[in-house]
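# Structural overview
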Amino acid sequence: MKHTCTTFLAGKAATLDGSTLICRQEDYGNAFDPQRFVVVDPKDQPRHYASKTTKFRLELPDNPLKYTSVPDADNSAGVFAAGGINAANVAMTATETATTNARVLGADPYNTESGIGEEDFVVLVLPYIKSAREGVKRLGHLLEQYGTYESNGIAFSDHDEVWYFETIGGHHWAAQKIPDDAYVIAPNQFNIADYDFESDSSMYSADLPTFIKQHHLNPEHGLNLREIFGSRTASDARYNYPRAWYVQRLLSDEAEQQPTDQDLPFICHPKHKLAIEDVKQAMSSHFQQTDYDPYGHGPINERQKYRPIALNRNLEIHMLQIRNHVPDSIAGVHWLAFGPNTFNAVVPFYANIDDTPAPYKNTTGDFDLQNMYWLTHTIAALGDQNYQRYEMMEEAFEQTVVAVCRQLQEQMDAKAADIEDQSLLSAELTKTNEKMAQISLNESTKLLGKMVKEAFKNEKLQY
């Protein structure tokens, strides 16, 4: 697995302001994998696409849309664009590394020679779609024709709909529309459960029903795709189920569930409408107020029993919001933070922009405290050594950044109503993003300074 992540989705009736929301925490191994935030202009979108992971090649259409993206800073292994919002206010995040079983791969092996995968999905799909459903169809067509070399989950959203898409074996797939009043928390497993081939909320590869019957894949009388295509391993019980359990416990009061329950629901309903801050809290979870919190006071053998969402391997979190209470020109908001979620703050960057702010765009492999990726990792490295000492500092920092950025957003939203020229509006949104980035950089630097001062009070070498 290159990137092992956690995905969160919410329909427009499940959110506080009526927005659709798709969100993914992108993780990696214990090595650094610096990330950038960019906007891809149509002239910069490739026309002759060549994957670096496989021998896949494709001529792309000549009419791409502009889109935001969070690629790897070092593109020698591929773009890995992660997620973004295009000029039609369609959002896409790819991918959630998933699991499958030997029965599925025996019937439909991966295409490791010339298939597509996480490296390719966003670049091949997002610039060419004008609705979430179009995204599902385009990606499905590509998978059926070219295949994939891995199991993944992908999400699409627009003003009205949120869709979750999962690859099946090498060339099959299934997607489900998330109900407007529901949310989904998806760890690294096959997640779609109860399914209806006849529903307008379902899309799938044309031969999927036949594929299931022909290869005797269904162990039940009903149709539970997780049972058919997923896995039930010992590592799932430690690595996957507990993440979903904790978020469902937090947002839905599912008190009767256990961390290792294998049948947690896919479609969930929140106990109240969700704000961005609620989702960020969920995606920053490390089993707080339980014995499983690595920073807590539970039994030592319990504290690192399960894999949390927030951990040292967090690269970036993007929360792709399509708003329904504002004009289309300012509807797309690409909330973003780099680094471990225990010590970062998401910033509501407008998506309809000309360029991205330097502290988020100019990431390299070299350590640089003027770059948000490295600054956030520095804060997290220090904070991890004594979480309780710095927890309240972090909470105050996060509230300050989000509150001040929300104030700028309110002001820009009001100003946008009087700007008819779209090029002028994009320029103003770009300037607002610059201001937000500077706030994030300044407040993060202040937080680091406070933490260093606090740490020196407790240095061992003092007399």
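Quick summary incoming for the structure in this document. (Residues numbered from 1 in each chain as written. Predicted model: local features only at pLDDT ≥ 70, side-chain atom pairs only at ≥ 80, totals over all residues. Heavy atoms only, no water.)

## What about the pairing of strand β8 (residues 91-97)?
Counting buried positions over the seven residues of β8 gives seven, a clear majority of the element. As judged from the three bridges shared by strand β7 (residues 83-85) and β8, these two strands associate in the antiparallel manner. Note that in β8 the partner of G83 across the bridge is T93. Turn length for the β7-β8 hairpin, with the two strands adjacent in sequence and antiparallel, is five residues, and the turn residue N89 shows positive phi of about 60°. Bridging between β8 and strand β9 (residues 152-157) involves six bridges; their strand directions are antiparallel. By the bridge assignment for β9, E96 is matched with G153. (Buried < 20%, exposed > 50% of the residue type's maximum accessible area, 1.4 Å probe, protein only. Helix = DSSP H or I, 4+ residues; strand = E, 2+ residues; numbered from the N terminus. Pairing = 2+ DSSP bridges.)

## Some remarks on the nonpolar core
A general trend in soluble globular proteins is that nonpolar side chains are found buried together. Residues F338, F349 and Y360 are the most contacted members of the largest nonpolar core, which totals 43 residues. Listed by contribution, the elements that provide at least two residues to this core are β15 (332-338), β16 (347-350), α11 (372-383), α12 (387-416) and α13 (422-456). If near-sequence neighbours (up to four positions away) are discounted, F338 is found in contact with Q35, R36, F37, V70, L315, E316, N344, Y360, M372, Y373 and T376. Grouped together as the second largest cluster of nonpolar side chains are 32 residues, V40, V123, Y128 and L143 included. (Core = buried A, V, L, I, M, F, W, Y, C linked by side-chain atoms within 4.5 Å. Contact = heavy atoms within 4.5 Å.)

## Observations regarding helix α8 (residues 276-283)
Extensive coverage of α8 is indicated by the burial of six of its eight residues. Considered for burial, the residues of α8 that qualify are I276, D278, V279, K280, A282 and M283.

## Describing the sheet that holds strand β2 (residues 20-27)
Strand order in the open sheet formed by six strands is β12-β1-β2-β14-β15-β16, and the pairing between neighbours is antiparallel. Every other strand in the sheet has two partners, leaving β12 (183-186) and β16 as the edge strands with one partner each. Pairs of neighbouring strands in the sheet enclose a mean axial angle of 15°, with direction left out of account. Where β15 and β16 come together, four bridges link them in antiparallel fashion. Bridge pairing links W335 to P348 in β16. (Axes fitted to C-alpha atoms, helices over the stretch in contact; angles between N-to-C directions.)

## Some details on the packing of aromatic side chains
Two aromatic rings are characterised by how far apart their centres lie and by the angle between their planes. Under the counting rule described, the total for this entry stands at 25 aromatic pairs. Look at Y195 and Y204: their rings are 6.4 Å apart centre to centre, the planes differ by 75°, and that puts the pair in the edge-to-face class. Relative to F287, the ring of W245 has its centre 6.3 Å away and its plane inclined at 35°; by these criteria the two rings are tilted. Of the two residues, W245 sits in helix α7 (residues 241-252) while F287 sits in the loop between α8 and α9 (300-303), which places them 42 residues apart along the sequence. The same class applies to W245 as to F287, namely buried. Counting every residue linked through ring pairs, the aromatic cluster contains F32, F37, F338, F349, Y360, F367, Y373 and W374. (Phe/Tyr/Trp six-rings, centres within 6.5 Å; stacked < 30°, edge-to-face > 60°.)

## Re the packing of α12 against α13
Contact geometry of α12 with α13 gives a least axis separation of 10 Å together with a crossing angle of 165°. The pairing of α12 with α13 is recorded here as roughly antiparallel in orientation. Between α12 and α13 lies a crossing of right-handed hand. Classifying every residue of the contact of α12 with α13 by side-chain character gives 16 nonpolar, five polar and eight charged. (Parallel < 35°, antiparallel > 145°, perpendicular 65-115°, else oblique. Left-handed = near helix turned anticlockwise from the far one by under 90°. Nonpolar A, V, L, I, M, F, W, Y, C, P; charged D, E, K, R; others polar.)

## Quick notes on α7
Taking 1.5 Å of rise per residue, the twelve residues of α7 would be expected to cover 16 Å, and the 16 Å separating its terminal C-alpha atoms lies within 8% of that figure. Most of α7 sits inside the fold, with ten of its twelve residues counted as buried. Buried residues along α7 sit in contact with β1 (6-10), β12, α6 (234-239) and α8. After α7 finishes, the residue D253 shows a positive phi value of roughly 60°. (Expected span 1.5 Å × (residues − 1).)

## Considering the packing of α11 against α13
It is at 10 Å that the axes of α11 and α13 come closest, and there the two elements cross at 25°. Looking at the two axes, α11 sits roughly parallel to α13. Between α11 and α13 lies a crossing whose hand is left-handed. Contact residues: α11 offers M372, L375, T378, I379, L382 and G383, while α13 offers S440, L441, S444, T445, L447, L448, M451, V452 and A455. Grouping the constituent residues of the contact of α11 with α13 by class yields ten nonpolar, five polar and no charged.

## Some details on unusual backbone geometry
Cis geometry marks the peptide bond from A94 to T95, where omega comes out at 15°. Secondary-structure assignment places T95 in strand β8. One non-glycine residue, F287, lies in the positive phi region at around 65°.

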